Each structure stands twice: as C-alpha cells, then as structure tokens.
Amino acid sequence: MKTRGFIVTMLAAAFIFAPQFVNTSSAASGYSAKLISPTAGQVLYPGQRVKVEWKAIFPRVNLEWCEMEVLLSVDGGRTFNICISVSFDPKATYFYWTVPNTPTNAAVLDLRFGCEMNYPETYSPQSNSPFVIASGQ
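Residues numbered from 1 in each chain as written. Predicted model: local features only at pLDDT ≥ 70, side-chain atom pairs only at ≥ 80, totals over all residues. Heavy atoms only, no water.

**Q** Hey, could you run me through the state of the cysteines in this one?
**A** The bond known as a disulfide is covalent and runs between the sulfur atoms of two cysteines. The full count for this structure, using the stated rule, is one disulfide. Between the sulfur of Cys66 and that of Cys115 lies a disulfide, 1.7 Å long from S to S. Of note, the bridge from Cys66 to Cys115 carries an S-S torsion of about 95° and is right-handed in sense. On the criterion of sequence distance, the pair formed by Cys66 in the loop between strand E3 (49-57) and strand E4 (67-73) and Cys115 in strand E7 (residues 104-115) is long-range, its members being 49 residues apart. Residue classification places Cys115 among the buried residues on the basis of a relative accessible area of 1%. (Disulfide = S-S within 2.5 Å. Helix = DSSP H or I, 4+ residues; strand = E, 2+ residues; numbered from the N terminus. Buried < 20%, exposed > 50% of the residue type's maximum accessible area, 1.4 Å probe, protein only.)

Listed below in structure tokens is the structure:
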C-alpha cells in the first residue's frame, strides 16, 4: 500500500509541476503567437501604414520550408477572409501594413504558421486584441 501511495503522489506532483503534460493549447503543440501591435482597442484609419508586430514560439522543426501569413477578420474572429500578408519567413517578427477601407469595430488578426509536410498549418487568432478600423474620410 505504501508503494501505491508513493506512485500516486509522484504522478500528482508530475502533473502539478509540469503542466505541459496536460496542456492542450497551441503552445503544447509547439506553436503560439502573441500580437504586440496593433494593440487592443487601437483605432486605425484606411490608408494608414501601421507596423504589425508579434512574438512567436515555434515547434522544434527546420524552419527553412516554413511560412507565416496574417489574415484579417472584420467580424470579431468568426471568419478570416482577408489575407493581409504574403507568405513570409517565420523568423520575421513584423511587417508594415496599409489599412484597407473595411470599417469595423471588431478587427482581429490570425497569425498562421506551417511547414509544408513537416508541420501542419496552425492558427493563432488574436481574439484578445481586437482593434477598430474607422470609416474612411
């Protein structure tokens, strides 16, 4: 009985001190991203040039054949129909974007990552950072 109690205690400690064993987030699969700019609530204007910047954690794969792309949702993240970037090197952490004339109070970006056959395309919608695209003048 003492051995069984010891094993149960060790397993419980493993799950407490190593949450990655039970984490089902995108970080557990190896990729996650966090948008730095634009910031939540920021108001952008059509034609304005803004820096889209993020931090990303990648899986342990050769990034040579990988790419990232950024998609825009104007409905709060329900759909991502507008690609705002051309596929680019995943080691990049920003690009400059000219804001389109698509007014919305619920713009959300999705920072997608994938590697042809080595790693499936993985989504990272930034639902916690909605911003506004104002009406054109």
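After that view, the rundown keeps rolling.
**Q** Teacher, can you tell me more about the packing of aromatic side chains here?
**A** Think of a pair of aromatic rings as described by two things: how far the centres are apart, and how the planes are tilted against each other in angle. Going through the model one piece at a time under the given rule, you end up with nine aromatic pairs. An aromatic cluster is present here, built from Tyr31, Phe58, Phe113 and Tyr119 joined pairwise through their rings. The residue whose ring lies beneath Lys51 is Tyr94, and the NZ or CZ to ring-centre distance is 4.3 Å. One cation-aromatic arrangement involves Arg112 over Tyr123; the distance from NZ or CZ to the ring centre is 4.0 Å. (Phe/Tyr/Trp six-rings, centres within 6.5 Å; stacked < 30°, edge-to-face > 60°. Lys NZ or Arg CZ within 6 Å of the ring centre and 35° of its normal.)

**Q** Could you clarify how one ought to interpret the side chain of Thr122 in this entry?
**A** Secondary-structure assignment places Thr122 in strand E8 (residues 119-122). Judged by relative accessible area, which is 13%, Thr122 ranks as buried. A polar contact of 2.9 Å, which involves the side chain of Thr122, links it to the backbone oxygen of Pro120. Ignoring sequence-local partners within four residues, the contact set of Thr122 consists of Tyr31, Leu111, Arg112 and Phe113. (Polar contact = N/O pair within 3.5 Å; in protein donor to acceptor, adjacent residues only side chain to side chain. Contact = heavy atoms within 4.5 Å.)

**Q** Even after reading the chapter, I still don't get the pattern of salt bridges, so can you show me in this structure?
**A** A side chain with one charge may pair with a side chain of the opposite charge, provided their charged atoms come close. Going through the model one piece at a time under the given rule, you end up with one salt bridge. In this structure, Arg112 and Asp110 form a salt bridge, with 2.6 Å as the shortest nitrogen-oxygen distance. (Salt bridge = Lys/Arg side-chain N within 4 Å of Asp/Glu carboxyl O.)

**Q** Please clarify how the pairing of strand E6 (residues 94-98) should be interpreted in this entry.
**A** Consecutive residues of a regular strand have side chains that alternate between opposite faces of the sheet. The alternating pattern of E6 places Phe95 and Trp97 on a buried face, while none of Tyr94, Tyr96 and Thr98, on the opposite face, is buried. Where E3 and E6 come together, five bridges link them in antiparallel fashion. Along E6, the bridge assignment pairs Lys51 with Tyr96. (Pairing = 2+ DSSP bridges.)

**Q** Please clarify how the nonpolar core should be interpreted in this entry.
**A** Within soluble globular proteins, side chains that are nonpolar generally end up buried alongside one another. Counting residues in hydrophobic clusters, the biggest one holds 25 residues, and the most contacted among them are Leu72, Phe95, Trp97, Leu109, Phe113 and Phe131. Of all the secondary structure elements, the ones that give two or more residues to this core are strand E1 (32-37), E3, E4, E6, E7 and strand E9 (131-133). Considering each element in turn, this core owes the most residues, five residues, to E7. If we skip the residues at most four places from it in the chain, Leu109 touches Leu35, Pro38, Val52, Val70, Leu71, Leu72, Phe80, Ile84, Ser124, Pro125, Gln126 and Phe131. (Core = buried A, V, L, I, M, F, W, Y, C linked by side-chain atoms within 4.5 Å.)

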